[in-house]
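An overview of the molecular structure
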Amino acid sequence: MTRGMYMSILPLLRMGCPICQLKTGHCLTGQYLAWTTRRPDGTCWWCQYSIQSREHLFKTCPQWRSQQKTLWMTVLEVARKIPGPTRGRDRTNIAELLADERCSQAVLAFLANTDVGRASGPPVAREEDSEASEALEWEERGREERLAEMRAEDERGVGGVFF
Ligand SMILES: [Zn+2]
């Protein structure tokens, strides 16, 4: 993506348009957060897989297995009905999935039914001892609070901007 293209969708990114964020790789995946140095590595905080990429979240993370099944069944169905390339789970990468407008509704439904791209994961433990209590604390915090935190971070320009 060129800088011009990036700047043109920046307002949508700031508003939190989930498809824009995913297309630019700026949704809150472990891989992205590690790249922005907000997390020490790209490990999936749901299943501990080594790289929490878009491919991982949309296809293989066990946390979202049933939602992935629904997504790919819907995508296959819609691609059969509307002319264009077939969209099987094994032969479609996530960039292709997100670029295919026929699949937008299924992608949005997947995002709505999962926490993918919503939260930046549990706080990174500073000491090994505090890991368990911090994870518990994270569970107890409301989703609203986490969302408010994300928005505040975006307003400060921490999320989704190249520097
Ligand atoms: Zn995972």
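Now for a look at the structure at hand. (Residues numbered from 1 in each chain as written. Predicted model: local features only at pLDDT ≥ 70, side-chain atom pairs only at ≥ 80, totals over all residues. Heavy atoms only, no water.)

A few points about the overall build of the protein
Scanning the protein from N- to C-terminus turns up nine helices and zero strands. Going residue by residue from the N terminus, the α and β elements of the protein occur as α-α-α-α-α-α-α-α-α. Relative to its full complement of 163 residues, the protein shows a buried share of 39%. For the protein, long-range pairs separated by at least 24 residues make up 49% of all intrachain contacts whose partners lie at least 6 apart in sequence. Here the protein displays about 10,100 Å² of accessible surface, and carbon together with sulfur accounts for 53% of that area. (Helix = DSSP H or I, 4+ residues; strand = E, 2+ residues; numbered from the N terminus. Buried < 20%, exposed > 50% of the residue type's maximum accessible area, 1.4 Å probe, protein only. Contact = heavy atoms within 4.5 Å. Areas by Shrake-Rupley, 256 points an atom, 1.4 Å probe, with all protein chains shown as cover.)

Topic: the coordination of the zinc ion
Within the first shell, the zinc ion binds the protein through Cys44 (SG), Cys47 (SG), His56 (NE2) and Cys61 (SG), at distances of 2.1 to 2.4 Å. Here Cys44 falls in the buried class, since its relative accessible area comes to 0%. (Donors = N, O, S within 2.8 Å, 3.2 Å for Na, K, Ca; no water.)

Regarding the side chain of Gln67
Considering the arrangement of structural elements, one finds Gln67 in helix H5 (residues 65–81). Discounting residues that sit within four places of it in the chain, Gln67 has contacts with Phe110, Asn113 and Thr114.

A look at the packing of aromatic side chains
Scanning all chains against the criterion turns up three aromatic pairs. Here Trp46 and Trp64 contribute two aromatic rings whose centre-to-centre distance is 5.0 Å and whose plane-to-plane angle is 85°, an arrangement assigned as edge-to-face. Of this pair, Trp46 sits in the loop between helix H3 (30–35) and helix H4 (54–60) while Trp64 sits in the loop between H4 and H5, and the two are 18 residues apart along the sequence. Members of the aromatic cluster, connected to one another through ring pairs, are Trp45, Trp46 and Trp64. (Phe/Tyr/Trp six-rings, centres within 6.5 Å; stacked < 30°, edge-to-face > 60°.)

Concerning the pattern of salt bridges
Tallied over the entire structure, the rule returns three salt bridges. A salt bridge links Glu55 to Lys59; its shortest N-O distance comes to 3.3 Å. Highlighted residues: Glu55 and Lys59, both in helix H4, separated by four residues, approximately one helical turn. Note on Glu55: relative accessible area 32%, which makes it partly exposed. The class of Lys59 is buried, set by a relative accessible area of 11%. When the shortest N-O distance is used, the salt bridge between Asp100 and Arg87 registers 2.9 Å. Residue Asp100 is located in the loop between helix H6 (94–99) and helix H7 (104–112), and its partner Arg87 is located in the loop between H5 and H6; the two are separated by 13 residues in the primary sequence. For Asp100, a relative accessible area of 10% gives the class buried. When its relative accessible area of 11% is taken as the criterion, Arg87 is described as buried. Among the charged side chains, a salt-bridge network with shared partners connects Arg87, Asp100 and Arg102. (Salt bridge = Lys/Arg side-chain N within 4 Å of Asp/Glu carboxyl O.)

Observations concerning H5
If you check H5, its first and last C-alpha atoms are 25 Å apart, about what 17 residues at 1.5 Å a residue would give, namely 24 Å. Buried residues of H5: Gln67, Gln68, Leu71, Trp72, Val75, Val78 and Ala79, and no others. Down the axis of H5, the sector holding all buried residues measures 135°, keeping them to one side. Turned more than 90 degrees away from the buried face of H5, the exposed residues are Arg65, Ser66, Lys69, Arg80 and Lys81. (Expected span 1.5 Å × (residues − 1). Arc of directions from axis to C-beta.)

Some thoughts on H7
Residue pairs spaced three or four apart in an α-helix point in one direction, given the helix's 3.6 residues per turn. Taken together, the buried positions of H7 are Ala106, Val107, Phe110 and Leu111. For H7, the arc enclosing every buried residue in end-on projection is 140°, short of the 170-degree limit, so these residues lie on one face. Facing away from the buried side of H7 by over 90 degrees, the exposed positions are Gln105 and Ala112.

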